[in-house]
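# Survey of secondary and tertiary structure
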Amino acid sequence: ILPSCGLDNVEREVLGLERRGEIPGSLIPELYHRAVAEGNLNLLVPVLHHNLVDLVSLACLAEAWREHLTPDR
């Protein structure tokens, strides 16, 4: 049983990964609104990186759980 189901915690507990140097998800809405207000899409680069890491991490977790849940054949 995990103490939290947040992706950062699941990555740490299941995959042994710790994200570093990345913006926290809680700042993404602020960056988005700032990018729109300023017309500066470059502000969204860290958001796109964060989302890419999320997708790769979820794929790794899916594979880890598939291996764990699939009986040996």
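Here, the structure is the one placed above.
The numbering scheme is per chain: residues are counted from 1 as the chain's sequence reads. pLDDT decides what is reported in this predicted model: residues at 70 or higher carry local features, side-chain atom pairs at 80 or more are listed and counted, and totals for whole chains, interfaces and linings draw on all residues regardless. Values shown for side chains rest on all heavy atoms present in the structure; no hydrogens or waters enter the calculation.

A helix here means a DSSP run of H or I that spans at least four residues, while a strand means a run of E at least two residues long, and both kinds are numbered starting from the N terminus. Scanning the protein chain from N- to C-terminus turns up three helices and zero strands. In sequence order, the protein chain lays out its α and β elements as α-α-α. Here the C-alpha radius of gyration of the protein chain, 16 Å, is well above what a compact globule of 73 residues would show, namely 11 Å. Reported as C-alpha extents along the three principal axes, the dimensions of the protein chain are approximately 55 × 25 × 15 Å. A radius of gyration in this sense is built from C-alpha atoms; the matching globule rule multiplies 2.2 Å by the number of residues raised to 0.38.

With that settled, consider a nonpolar patch on the surface. Candidate patch residues must exceed 30% relative accessible area and have no salt bridge, after which like charges are joined if within 9 Å and Val, Leu, Ile, Met, Phe, Trp or Tyr side chains if within 5 Å. In short, Shrake-Rupley with a 1.4 Å probe defines the accessible areas, and a residue's cover is counted only from the protein chains shown. Any carboxyl oxygen of Asp or Glu within 4 Å of a side-chain nitrogen of Lys or Arg constitutes a salt bridge here. Taken together, the side chains of Leu2, Val14, Trp65 and Leu69 define a hydrophobic patch exposed on the protein surface, amounting to about 370 Å² of accessible area. Position of Leu2 among the secondary structure elements: in the segment before α1 (7-15). Here Leu2 falls in the partly exposed class, since its relative accessible area comes to 31%. Per-residue accessibility, obtained with a 1.4 Å probe over protein chains only, is compared with the maximum for each type, and a residue is labelled buried under 20%, exposed over 50%, and partly exposed between these values.

Bringing helix α2 (residues 28-38) into the picture now. Those residues of α2 lying buried are Ile28, Leu31 and Ala35. Projection of α2 onto a plane perpendicular to its axis shows the buried side chains occupying an angular sector of 65°, all on one side. In α2, the exposed positions that point more than 90 degrees away from the buried face belong to Glu30, His33, Val36 and Ala37. Of the surrounding elements, those touching the buried residues of α2 are α3 (45-69). Looking one or two residues past α2, Gly39 carries a phi angle of roughly 65°, positive in sign. Summarising the geometry, the arc corresponds to the directions from the helix axis toward the C-beta atoms. Any two residues whose heavy atoms approach within 4.5 Å at even a single point are treated as in contact.

Quick look at the pattern of salt bridges now. Pairing between side chains of opposite charge can happen when their charged atoms approach one another. For the coordinates displayed, the defined rule picks out six salt bridges. The shortest N-O distance in the salt bridge between Asp54 and Arg19 comes to 2.5 Å. Of this pair, Asp54 sits in helix α3 while Arg19 sits in the loop between α1 and α2, and the two are 35 residues apart along the sequence. Residue class for Asp54 comes out buried when judged on its relative accessible area of 18%. Judged by its relative accessible area of 25%, Arg19 is partly exposed. Across the pair Arg66 and Glu63 runs a salt bridge whose closest N-O atoms are separated by 2.7 Å. Placement of both Arg66 and Glu63 in helix α3 is noted, with a separation of three residues, approximately one turn of the helix.

Remember that the coordinates give geometry; whether it matters functionally is a separate question.
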